[in-house]
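# Report on the structure
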Amino acid sequence: MSREPLTLEAFEEACEAVNRVTLNTDLLYSDYFSEQTGGKVYLKPENMQRTGAYKIRGAYYRISVMSQEERARGIITASAGNHAQGVAYAARAYGAKAVIVMPRTTPLIKVNRTKALGAEVILFGDVYDEACGQALQLAEEKGYTFIHPFDDPVVATGQGTLGMEIIKELPLVDIILVPVGGGGLAAGVSTLAKLLNPKIRVIGVEPEGAACLSASFREGRVTTLPSVSTIADGTAVKTPGSVIFPYLRENLDTVITVPDEELVTAFLDIVENHKMVVENSGLLSVAALKHVDCAGKKVVSVLSGGNMDVITMSSVVQHGLVLRSRIFTVSVQLPDKPGELSRVSGVIAGEGGNVIRLEHNQFVSINRTAAVELRITLEAFGPEHKEKITAALEQKGYRPNIIQTQL
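Residues numbered from 1 in each chain as written. Predicted model: local features only at pLDDT ≥ 70, side-chain atom pairs only at ≥ 80, totals over all residues. Heavy atoms only, no water.

## Some thoughts on the nonpolar core
For clarity, the cut-off: We call a set of buried residues a nonpolar core when its members are Ala, Val, Leu, Ile, Met, Phe, Trp, Tyr or Cys and they connect through side-chain atoms within 4.5 Å of each other. Relative accessibility decides the category of a residue: with a 1.4 Å probe and only protein chains considered, values under 20% of the type maximum give buried, values over 50% give exposed, and everything between is partly exposed. Secondary structure elements are defined from DSSP: runs of H or I of at least 4 residues count as helices, runs of E of at least 2 residues count as strands, and each element is numbered from the N terminus. The contact criterion used throughout is that any non-hydrogen atoms of two residues lie within 4.5 Å.
Ranked by internal contacts, the top residues of the largest apolar core, which has 32 residues, are Ile 176 and Val 178. When residues of this core are traced back to their parent elements, those giving at least two are helix H1 (8-18), helix H9 (161-169), strand E7 (175-179), helix H10 (184-196), helix H12 (245-251) and strand E10 (298-303). A total of six residues in this core trace back to one element, the largest contributor, which is H10. Beyond its immediate sequence surroundings of up to four residues, Ile 176 is in contact with Ile 166, Val 189, Ile 200, Arg 201, Val 202, Ile 203, Val 300 and Val 302. By size, the runner-up hydrophobic cluster in this structure holds 29 residues, among which are Val 205, Val 278, Cys 294 and Met 308.

## A short note on the sheet that holds strand E5 (residues 120-123)
For clarity, the threshold we go by: Two strands pair under a simple rule: DSSP has to find at least two bridges between them.
An order of E5-E4-E3-E6 is seen for the four strands of this open sheet, with the pairing classed as parallel. Whereas interior strands pair on both sides, the edge strands pair on one side only; in this sheet they are E5 and strand E6 (145-146). As paired elements, strand E3 (residues 75-78) and strand E4 (residues 98-102) share four bridges and run parallel to each other. Its bridge partner being in E4, Ile 75 is matched across the sheet by Ala 98.

## Some remarks on the environment of Gly 234
Positionally, Gly 234 belongs in the loop between helix H11 (212-219) and H12. Placed 106 residues apart in sequence, Gly 234 and Glu 340 show a C-alpha to C-alpha distance of 50 Å.

## Remarks on the packing of helix H16 (residues 340-350) against helix H17 (residues 383-395)
Here is the rule we go by: Every angle, taken between N-to-C directions, lies between 0 and 180 degrees, and every axis is a line fitted to C-alpha atoms, over only the stretch in contact when it is a helix. An angle counts as roughly parallel when it lies under 35 degrees, as roughly antiparallel when it exceeds 145, as roughly perpendicular when it falls between 65 and 115, and as oblique in every other case. Crossing handedness is defined as follows: a turn of the near helix away from the far one that is anticlockwise and smaller than a right angle gives a left-handed crossing, while the clockwise case is right-handed. Residues are grouped as follows: Ala, Val, Leu, Ile, Met, Phe, Trp, Tyr, Cys and Pro are nonpolar; Asp, Glu, Lys and Arg are charged; every other residue, Gly included, is polar.
Packing of H16 against H17 leaves a shortest axis separation of 9 Å and a crossing angle of 140 degrees. Comparing their axes, H17 and H16 come out oblique. As for the relative orientation of H16 and H17, their crossing is right-handed in sense. Contacts between H16 and H17 involve Val 344, Val 347 and Ile 348 on the former and, on the latter, Ile 389, Ala 392 and Leu 393. Residues that form the contact of H16 with H17 fall into these classes: six nonpolar, no polar and no charged.

## Description of the pattern of salt bridges
Selection rule: Put simply, a salt bridge is a Lys or Arg side-chain nitrogen that is within 4 Å of an Asp or Glu carboxyl oxygen.
Counted under the stated rule, the structure contains 17 salt bridges. Here Arg 57 and Glu 165 are joined by a salt bridge, their closest N and O atoms 2.9 Å apart. In this pair, Arg 57 is assigned in helix H3 (residues 56-64) and Glu 165 in helix H9, connecting sequence segments 108 residues apart. Accessibility classification places Arg 57 together with Glu 165 in one group, the buried group. Between Asp 269 and Arg 324 there is a salt bridge, with its nearest N and O atoms 3.1 Å apart. Of this pair, Asp 269 sits in helix H13 (residues 260-274) while Arg 324 sits in the loop between helix H15 (310-323) and strand E11 (327-334), and the two are 55 residues apart along the sequence. Owing to a relative accessible area of 9%, Asp 269 belongs among the buried residues under this scheme. Bridged by salt links that share partners, the residues Lys 44, Glu 46, Arg 57 and Glu 165 form one connected network.

## Considering the environment of Lys 55
The test is simple: Here a polar contact is recorded for every N or O atom pair within 3.5 Å, except that within protein the pair must consist of a potential hydrogen donor and a potential acceptor, and residues adjacent in sequence are included only if both atoms are side-chain atoms.
Mapped onto the secondary structure, Lys 55 falls in the loop between strand E2 (40-45) and H3. Distance from Lys 55 to Gly 184, taken between C-alpha atoms, is 9.7 Å for residues 129 residues apart in sequence. The contacts of Lys 55, once residues within four sequence positions are left out, are Asn 82, His 83, Gly 86, Pro 149 and Gln 159. A polar contact of 3.5 Å, which involves the side chain of Lys 55, links it to the side chain of Tyr 54.

This is the structure:
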């Protein structure tokens, strides 16, 4: 390493290095989110980056400053997926062997893409922290050079090049929203931002179910969560980086958390308004917009990655539609006689609802001629349309009951 990490000189050196492999991810102005927040909201689409995430920056810079002897020993790391691909890509570029330990819960797309880049993949543990422990053990046993995915100032310097690009393109940026897992990206971006302009606010965003940095800030020391549970697999980390923690405390203005439900609806917003696929961890900075005062400010949301498998994508879309009342299920009771289903369908059609599933339960009452249950799953335009359909059913005497939609 030719320079001390996390200094302005090191950030400049890192920019020169990563420019050899990164794609341009120019800021995208969002009319939709700007209208929603009252600010000027821009997206930094690192989901469009080579390997599908920002992680290639830190991985490539870290390997670029290694000695030839360190590379020759082989490189090992642990990752929930995005850092894995970054290390695999960078190692291949330098002709080095790469071994990646990934949690067994890692989405298949991330596992396969890492293998496709020439890395040996070992699945171990249920969360990142367990995979990391295994990677450290293998590094000691076999002499591999270990690269930490976030608790490494050199890696964090490489990640901070993302912040350099934001500030060069939008010098008067007021707020940068950064997803947080272990804290490497947040450490790099916040440190660089404060070096260039202390007035820029850098806000870290965590999922509620894996808020290890928030817990650490409250305790004033690095704190390990007993467990994590979140759909944001890329930020499902129990312990933030201890080496980079002082940088986070000094330079990160605050950390906020968002529930998984808001990541689901943020996915729909991004897909429908910007035609992009962003993984759940990358959506943290989008979901955070409603929790931050953006009025009259220039705000950048970092979309940190886009590596989401199709099955997860399908589930997120369906649950998002339910949360937005675009799909709902209503139960009505009606006599079991010819024509009743047609009458109910007519009421729904009259209000513009679209039936997508019917379930007929004849055993809700011992007197079938008096009442059977009909569960109807519908498509609607949103909460107001949903209320309009149920009101029409009520008016016709069907006493509709909204129930949990089973997808």
